[in-house]
Amino acid sequence: MLQLLGEHACFGGVQRFYQTASAAIGLPMRFAAYLPPHADGARLPALFYLAGLTCTEETFVIKAGAQRLAAELGVVLIAPDTSPRGAGVAGETDAWDFGVGAGFYIDAVQAPWNTHYRMYSHILELRELVVQALPVDGERVGIFGHSMGGHGALTIALKRPDLFRSVSAFAPIAAPARCPWGRKAFTGYLGTDESAWLKHDASALMAAMQTPFPHGILIDQGLSDKFLAGQLHPEAFEEACRAAAQPLQLRRHAGYDHGYYFISTYMEDHLRFHALNLSFTA
Ligand SMILES: N[C@@H](CCC(=O)N[C@@H](CS)C(=O)NCC(=O)O)C(=O)O
């Protein structure tokens, strides 16, 4: 079921790469798993990291610099891929913001995308798989992500707060139904009925809830991010959290852009935020 593709010693633990026959996607899917040093039989908290447009399961592992602190905190890190690979849908590699590398962590309902582009179900299936096959405590799983993956982390956590008990994001696409990236993806994967999009829009989902994460949500945003004005809309999510009485730390950082120099700068804060949240009993 799980095929080990590679393993590298890293800060006393192991950085692994796996392939699994994904039932949700209907194709082989890859993911990365960092296992910190741990005692035999231990069940550890785990964090899913969802990456952004054009990324793979390797991007976070190589660029975010998360393993050293994950080793210290004893947290497992799971990094899925960002879309199906080799689905063979016509045009799937024509654009960098739709199709391959841009699955948006939703299940497509429109043909021809709905056969394989089912990244929401894939993340849930991976969660089950890692709890079963790796030393992961199913009661202590959190989720975070960047840009498209920030949208994924926020929406998946809001849809399933029972499965993901802690959530944070870097420069998330916070209101996809009203930005060009989100509108393009939702039109292609979900169709033109915009009311159906709102079930996959973090700001709309939050506006319809009451304090789903009582210990708070953490978001970091660079103010020199070239996508901030047109694509990200953190202020919409901030407003929705205020209306829902959801505690939110939205930190805006002068000088930081959209990339991994920004993400790696604040990675430690996110890992400590999740480790603390996952230490509270449910
Ligand atoms: N290809 C795009 C940029 C795509 C992009 O910025 N992707 C972000 C996520 S939305 C990313 O993490 N890229 C990988 C990297 O920075 O290593 C462009 O031409 O501006």
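Preceding this section is the structure that the text describes.
For clarity, every value in this text was computed on a predicted model and none was experimentally measured. (Residues numbered from 1 in each chain as written. Predicted model: local features only at pLDDT ≥ 70, side-chain atom pairs only at ≥ 80, totals over all residues. Heavy atoms only, no water.)

J.: Mind showing me how you'd approach the overall build of the chain here?
T.: Summing up its helical and strand segments, the chain has 10 helices and 9 strands in all. Against the 2.2 N^0.38 benchmark of 19 Å for 282 residues, the chain shows a C-alpha radius of gyration of 17 Å, consistent with a compact globule. C-alpha atoms of the chain, sized along the principal axes, occupy 50 × 40 × 35 Å. The buried share of the chain, reckoned over its 282 residues, is 59%. A fraction of 72% describes how many contacts in the chain between residues 6 or more apart in sequence connect residues 24 or more apart. With 21 positive and 26 negative side-chain charges, the chain shows a spacing of 2 Å between the two charge centroids. (Helix = DSSP H or I, 4+ residues; strand = E, 2+ residues; numbered from the N terminus. Rg over C-alpha atoms; globule rule 2.2 N^0.38 Å. Buried < 20%, exposed > 50% of the residue type's maximum accessible area, 1.4 Å probe, protein only. Contact = heavy atoms within 4.5 Å. Lys, Arg positive; Asp, Glu negative; His and termini not counted. Charge placed at Lys NZ, Arg CZ, Asp CG, Glu CD.)

J.: Explain the packing of aromatic side chains here, please?
T.: Note on aromatic pairs: each is described by the distance of the centres and the angle between the planes. Scanning all chains against the criterion turns up 18 aromatic pairs. On the numbers, 5.1 Å between centres and 85° between planes, the contact of Y49 with F144 is edge-to-face. Pair noted here: Y49 is in strand 4 (residues 44-50) and F144 is in strand 6 (residues 136-146), with a separation of 95 residues, a long-range link. Here Y49 and F144 have matching classes, each one buried. A connected cluster of aromatic rings, assembled from ring pairs, spans Y49, F60, F144, F170, Y256, F262 and Y266. In this structure, K159 is placed above the aromatic ring of Y120, and the distance from its NZ or CZ to the ring centre is 4.5 Å. (Phe/Tyr/Trp six-rings, centres within 6.5 Å; stacked < 30°, edge-to-face > 60°. Lys NZ or Arg CZ within 6 Å of the ring centre and 35° of its normal.)

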